[in-house]
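Single-letter residue listing:
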Amino acid sequence: MAELINPNRFVDSIIQGSAAPQEKNPVVISTGDESPSAMGGLAALGATIIGATAIGRKIPAIRNLFKREPVSQFKNPIVETTKPSFTGNLPTATGQAQELVTTSKALTIPKSKYGEVADIPFTQGKGYAANPLDNPLVGHASYDRVLEAPFEKAPAQEWIKWLSSADSGQLKVPSGTLAGVSRQVQKEELADLNLLTQQGKEVNGGFLKSAMDEGLEVDRETLLKFIKNSPLNHIKPMVKVAPGNIMEDVASLVNDLRPVQNKLTAELKVPAGTLPQTKQSLEAIEESYADIMSKLQDLSYKGITSNSALSASDIKAVQQGLLNIGKQDPELAEVTKNALVKFNRVTGVYNNRASPIAQEGFYTNLDRTSGLPRHKQAQNGAYDIMAGENFTEKVFLYDSKIPNVSRDRFSYVGQSPHFNSKKELFFVRYDDLPNPKLGGRHIRVSEAQSDLHQPATSANKNRREEFFKNRINPFNAEGTLDIYKKQINDLREQIRPYTEVGRGVAGFTKQQAQDFNRLNYKIKQLEKSALNSIINKGALDSTTYGPLGFSFNDYIIKDLMRTMAKRNINHISIVPSSINGNIKNFQPDKFGNEVNYGLMKGNRFIPETKLDKKTGKQIKTGKYVESSKYSILNDSLNRIAKQYGAKFDLQPMPKSNPNKPFKVIQIFDSKNNNDFKQAVESGRAHYTHKRGNHYLYEDHVAAADTQEQADLIAKAYNSSSSARGDVMVKQLSPDSPQNYEMVPTLSASSEVLKKFLLPFKAYMFEGGFVDKTNIFKSIV
């Protein structure tokens, strides 16, 4: 009698890494053109290839996919099929009749589950936290869209239609507290989830594309699992803050030690022999004071040229000098004691480089082996505007194992990441200053970019091609395998009653034998497809794919909005490239700065075109002109301002602390700086005033309370490598126009700031959570 083949033996052989078992004279009853038995040879060949290599043993997904389900004993086995099937009765070994395959269970009634999240969208149904600081920065519009689908299970093609039709700005919450909130599902969100990638209307990748090609049905829970595993859930901001301004804080000790200077000056005028102190004591005080002033200048210089910790020897020298003065003259002891306390606080805080900010991690520059990022450049680079306070660097990392990537790292094309972490997605640098003109404090964003994503828009063709060649999405790559596993397990349930019959295939009716062979054939087909899927994917060495490849700037802006709310800062500006990179490091052939940061009015530069009379088409002239559109970062600010009821227009941004009257200013002069001249004349750089036929720009390096403090900073800065022009000290009143630049600025009231602590949508083009100004009135 022909042997009844256990459908799990094929799987067992692969798990063990051996060749597939050979079937002995399988009974096949053909019903026409179909040849289920043909699969036997193909499956055996596939298993032999896999078993002969190390792939079958090394890829964990194979073991997980084909993990055998525990076999239960069925008294009345019920097998669910998509169509009713006539099988008849088959005598068992005990002679008792048993129904092997029954008609299908009642189909699930199609029902939308959108009501579960109607009033709490984009939070995966979890709702809002009692403490706004605990609310998520992002949410998933796709989660709600899947929940509101009118079916529990559908062919992949139907899911594609359902999700694609949600990419519309007209899709909004119809009623309730959040009436008017957009429910649009962006293509980028579906791509990052590895659910679906589209080029225009063409579907060209993702799990649903694979499932559609295989003719698979997909259930709601599988898609929700994808969204819950979103890579966005593993983005972690790491923050380094240098509170205050080390140059200005150190220099302020000059003013605190003025009593020492006054006493030295006064006693030097007293006739010899009448001094209240010995000459030796006076000389010791004078020597210590001179040493302190020298070290303060050195520390100020290091604060300008380096973002590393101040040396212990320099700190100790100042501490020792202050102690010596106090010992030599009891009248100065209180002065030096207070100066010592202040100096220890300033240098201690600076060296720690951290200030607590709720819900965010921190890093230092001290330990590269700790797994935390370390900045590779000095903070006085071409994009770091000077004279600010609370200088902050924030880097966004993928804070988890990068799935399906053997080296667990991203691949960076053209340059290494700024913070020496191969899991860096993007970063931002900013500081803040008081703004007497507007009231409160003002954030100035000097740089925001992604070293991982930047090559996608590179002018270098080879760099772009290399980036896209390696842009393989490693996230949620096991989704197709999950579907295969579900389908295989469903088929195993259907075939199990046949395998539990005691007399084997020979005892089947013709119809039962056909059903059995079809089920067996389907199982092997799915196993083959699943194994091919594993082999074809394998494990990537590294990848240029990271989430938010096209909207990371929006994400950064949303994070900055939350920073404003946490720190209770009411104003924020993107520092124009015209007063930053294009003055300090002008590159005529690079226009990324203008596209990202914008010119003085916040507008971007675009290629100039003209009409070709012969072809009737617009052609590029090779020149660039100012566009009416905002730069990318300013566009995000503008959209959020409209949605939340904030103000966005040209307003004064401070160049240094207006409340400190003595300014240390670096002069950029086109007379001896041809790059600056070219930048101004091309409309890409700003200038303060014109002298004859050349341009000058006054860049604020620092601000001080006294002339002596400013002189110390100026001397330190002038001797540093950062100095690119003449350095001078100028006194300005707080309301002087020379303290400010008019740039696009978002200003938010305290009530609007509260809204920035509510959840943001990750991929929405609008940039924020709501479409209407007063949407959160009842919540806030």
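Scoring rules and cut-offs
- Residues numbered from 1 in each chain as written.
- Predicted model: local features only at pLDDT ≥ 70, side-chain atom pairs only at ≥ 80, totals over all residues.
- Heavy atoms only, no water.
- Helix = DSSP H or I, 4+ residues; strand = E, 2+ residues; numbered from the N terminus.
- Buried < 20%, exposed > 50% of the residue type's maximum accessible area, 1.4 Å probe, protein only.
- Contact = heavy atoms within 4.5 Å.
- Patch = residues over 30% accessible without salt bridge, like charges linked within 9 Å, V, L, I, M, F, W, Y side chains within 5 Å.
- Areas by Shrake-Rupley, 256 points an atom, 1.4 Å probe, with all protein chains shown as cover.
- Salt bridge = Lys/Arg side-chain N within 4 Å of Asp/Glu carboxyl O.
- Lys, Arg positive; Asp, Glu negative; His and termini not counted.
- Charge placed at Lys NZ, Arg CZ, Asp CG, Glu CD.
- Core = buried A, V, L, I, M, F, W, Y, C linked by side-chain atoms within 4.5 Å.
- Axes fitted to C-alpha atoms, helices over the stretch in contact; angles between N-to-C directions.
- Parallel < 35°, antiparallel > 145°, perpendicular 65-115°, else oblique.
- Left-handed = near helix turned anticlockwise from the far one by under 90°.
- Pairing = 2+ DSSP bridges.
- Phe/Tyr/Trp six-rings, centres within 6.5 Å; stacked < 30°, edge-to-face > 60°.
- Lys NZ or Arg CZ within 6 Å of the ring centre and 35° of its normal.
- pLDDT = per-residue confidence, 0-100.
- Polar contact = N/O pair within 3.5 Å; in protein donor to acceptor, adjacent residues only side chain to side chain.
- Arc of directions from axis to C-beta.
- Nonpolar A, V, L, I, M, F, W, Y, C, P; charged D, E, K, R; others polar.

## Details of the overall build of the protein
Then, in step 1: For the protein, the count of helices and strands is 24 helices and 20 strands.
Then, in step 2: A burial count over the protein gives 52% of its 780 residues as buried.
Then, in step 3: Long-range contacts, defined as pairs at least 24 residues apart, comprise 75% of the intrachain contacts of the protein with a sequence gap of at least 6.

## Section: a negative patch on the surface
Then, in step 1: On the surface, Glu283, Glu286, Glu287 and Asp291 cluster together into a negatively charged patch.
Then, in step 2: Structurally, Glu286 can be placed in helix H12 (residues 279-305).
Then, in step 3: Owing to a relative accessible area of 39%, Glu286 belongs among the partly exposed residues under this scheme.

## Thoughts on the nonpolar core
Then, in step 1: Grouped together as the largest cluster of nonpolar side chains are 51 residues, with contacts concentrated most on Met561, Ile572, Leu746 and Phe756.
Then, in step 2: Where this core is concerned, the elements lending two or more residues are strand S9 (389-398), strand S10 (424-434), strand S11 (441-449), helix H18 (552-567), strand S12 (571-574), helix H21 (632-644) and helix H24 (750-755).
Then, in step 3: Here this core gets 8 residues from one element, more than from any other, and that element is H18.
Then, in step 4: Ignoring any residue separated from it by four or fewer positions in sequence, one finds Leu746 in contact with Met561, Met564, Asn570, His571, Ile572, Leu637, Ala641, Ala646, Lys647 and Phe648.

## Let's talk about the environment of Leu599
Then, in step 1: Note on placement: Leu599 falls in the loop between helix H20 (592-596) and strand S13 (603-611).
Then, in step 2: C-alpha separation for the pair Leu599 and Ile579, spaced 20 residues apart in sequence, amounts to 8.5 Å.
Then, in step 3: In this view, Leu599 contacts Pro576, Ser577, Ser578, Glu594, Phe605, Glu626, Gly683 and Arg684; residues no more than four positions away in its chain are not counted.

## Description of the packing of helix H10 (residues 246-256) against helix H23 (residues 707-718)
Then, in step 1: Between H10 and H23, the least distance of the axes is 8 Å, while the angle of their chain directions is 135°. On the basis of the axis angle, H10 is oblique to H23. Classified by chirality, the crossing of H23 by H10 is right-handed. Two secondary-structure elements touch here, H10 through Met247, Glu248, Ala251, Ser252, Val254 and Asn255 and H23 through Glu708, Gln709, Leu712 and Ile713.

## A few points about the sheet that holds strand S19 (residues 726-731)
Then, in step 1: In spatial order, the strands read S17-S18-S16-S19; together these 4 strands make up an open sheet with antiparallel pairing. Both edges of this open sheet fall to strand S17 (689-691) and S19, since each of them pairs with a single strand only. Neighbouring strand axes in the sheet, compared pairwise and without regard to direction, differ in orientation by 40° on average.
Then, in step 2: Relative to strand S18 (residues 694-704), strand S16 (residues 662-669) runs antiparallel, the two being bridged by 8 bridges. The partner of Phe668 across the bridge, within S18, is Tyr697.

## Structural notes on the packing of aromatic side chains
Then, in step 1: In this structure the tally under the stated criterion is 15 aromatic pairs.
Then, in step 2: Three or more aromatic residues link up through ring pairs in this structure, and these residues are Phe396, Phe426, Phe552 and Tyr555.
Then, in step 3: Its guanidinium or amino end placed over the ring of Trp162, Arg145 lies 3.7 Å from that ring's centre, counting from NZ or CZ.
Then, in step 4: Positioned above the aromatic ring of Tyr114 is the side chain of Arg183, whose terminal nitrogen or guanidinium carbon lies 5.1 Å from the ring centre.

## Topic: the pattern of salt bridges
Two side chains bearing opposite charge may form a pair once their charged atoms approach each other closely.
Then, in step 1: Summed over all chains, the structure comprises 31 salt bridges.
Then, in step 2: A salt bridge links Asp541 to Arg407, with the nearest nitrogen and oxygen atoms 3.1 Å apart. Remark: Arg407 occurs in the loop between S9 and S10 and Asp541 occurs in the loop between helix H17 (510-537) and H18; sequence separation between them is 134 residues.
Then, in step 3: Between Glu465 and Lys461 there is a salt bridge; the shortest N-O distance is 4.0 Å. Here Glu465 and its partner Lys461 are both found in helix H15 (residues 461-469), 4 residues apart, which amounts to about one turn of the helix.
Then, in step 4: A relative accessible area of 51% means that Lys461 is categorised as exposed.

## Here we look at the confidence of the model for the protein
Then, in step 1: On average, residues of the protein carry a pLDDT of 76, and 73% of them reach 70 or more.
Then, in step 2: Taken together, the stretch residues 1-108 has pLDDT below 50 and engages in 168 contacts with residues farther than four places along the chain or on a different chain.
Then, in step 3: Within the model, the stretch residues 354-380 combines pLDDT values under 50 with 79 contacts to residues more than four positions away or in other chains.

## With respect to the pairing of S9
Then, in step 1: With 10 of its 10 residues buried, S9 lies for the most part within the structure.
Then, in step 2: Here strand S7 (residues 235-242) pairs with S9 via 8 bridges, running antiparallel. The residue bridging Lys240 from the neighbouring strand is Glu393, located in S9.
Then, in step 3: Bridge count between S9 and S10: 7 bridges; the pairing is antiparallel. Within S10, the position partnered with Leu397 by the bridge is Glu424.

## A short note on the side chain of Ser747
Then, in step 1: Relative to the assigned elements, Ser747 resides in strand S20 (residues 740-747).
Then, in step 2: Among the residues examined, Ser747 registers a relative accessible area of 13% and is labelled buried.
Then, in step 3: Of the polar contacts made by the side chain of Ser747, one reaches the side chain of Gln651; its length is 3.2 Å.
Then, in step 4: Dropping the residues within four chain positions of it, Ser747 is found in contact with Leu438, Asn570, His571, Ala646, Lys647 and Gln651.

## Topic: helix H22 (residues 674-681)
Then, in step 1: By the burial criterion, the buried members of H22 are Phe676, Ala679 and Val680. Seen end-on, H22 carries its buried residues on one side only, within an arc spanning 100°. In H22, the exposed residues that point more than 90 degrees away from the buried face are Asn674 and Glu681.
Then, in step 2: For H22, the capping residue at the N-terminal end is Asn673, with a side-chain oxygen 3.3 Å from the backbone nitrogen of Asp675.
Then, in step 3: Gly683 lies just past H22 and shows a positive phi near 80°.

## Structural notes on unusual backbone geometry
Then, in step 1: Its identity is not glycine, yet Asn390 carries a phi of approximately 55°, on the positive side.
Then, in step 2: Mapped onto the elements, Asn390 comes out in strand S9.
Then, in step 3: Non-glycine residue Leu548 carries a positive phi angle of around 60°.
Then, in step 4: Considering the arrangement of structural elements, one finds Leu548 in the loop between H17 and H18.
Then, in step 5: Given the relative accessible area of 0%, Leu548 is considered buried.

## Let's talk about the packing of H18 against H21
Then, in step 1: It is the contact of H18 with H21, at a shortest axis distance of 9 Å, that shows an interaxial angle of 50°. By the criterion of interaxial angle, the relationship of H18 to H21 is oblique. Regarding H18 and H21, the two cross each other, and that crossing is right-handed. Along the contact surface, H18 presents Asn553, Asp554, Ile557, Lys558 and Met561, while H21 presents Ile632, Leu633, Ser636, Leu637, Arg639 and Ile640.
Then, in step 2: For the contact of H18 with H21, a count of residues per class yields 6 nonpolar, 2 polar and 3 charged.

## Quick notes on the side chain of Lys655
Then, in step 1: Tracing the backbone shows Lys655 in the loop between strand S15 (647-654) and S16.
Then, in step 2: The class of Lys655 is buried, set by a relative accessible area of 7%.
Then, in step 3: Not counting the four nearest positions on each side in its chain, Lys655 is found in contact with Met386, Ala387, Leu433, Arg444, Thr688, Tyr697, Glu698, His700, Gln738, Asn739, Tyr740 and Glu741.

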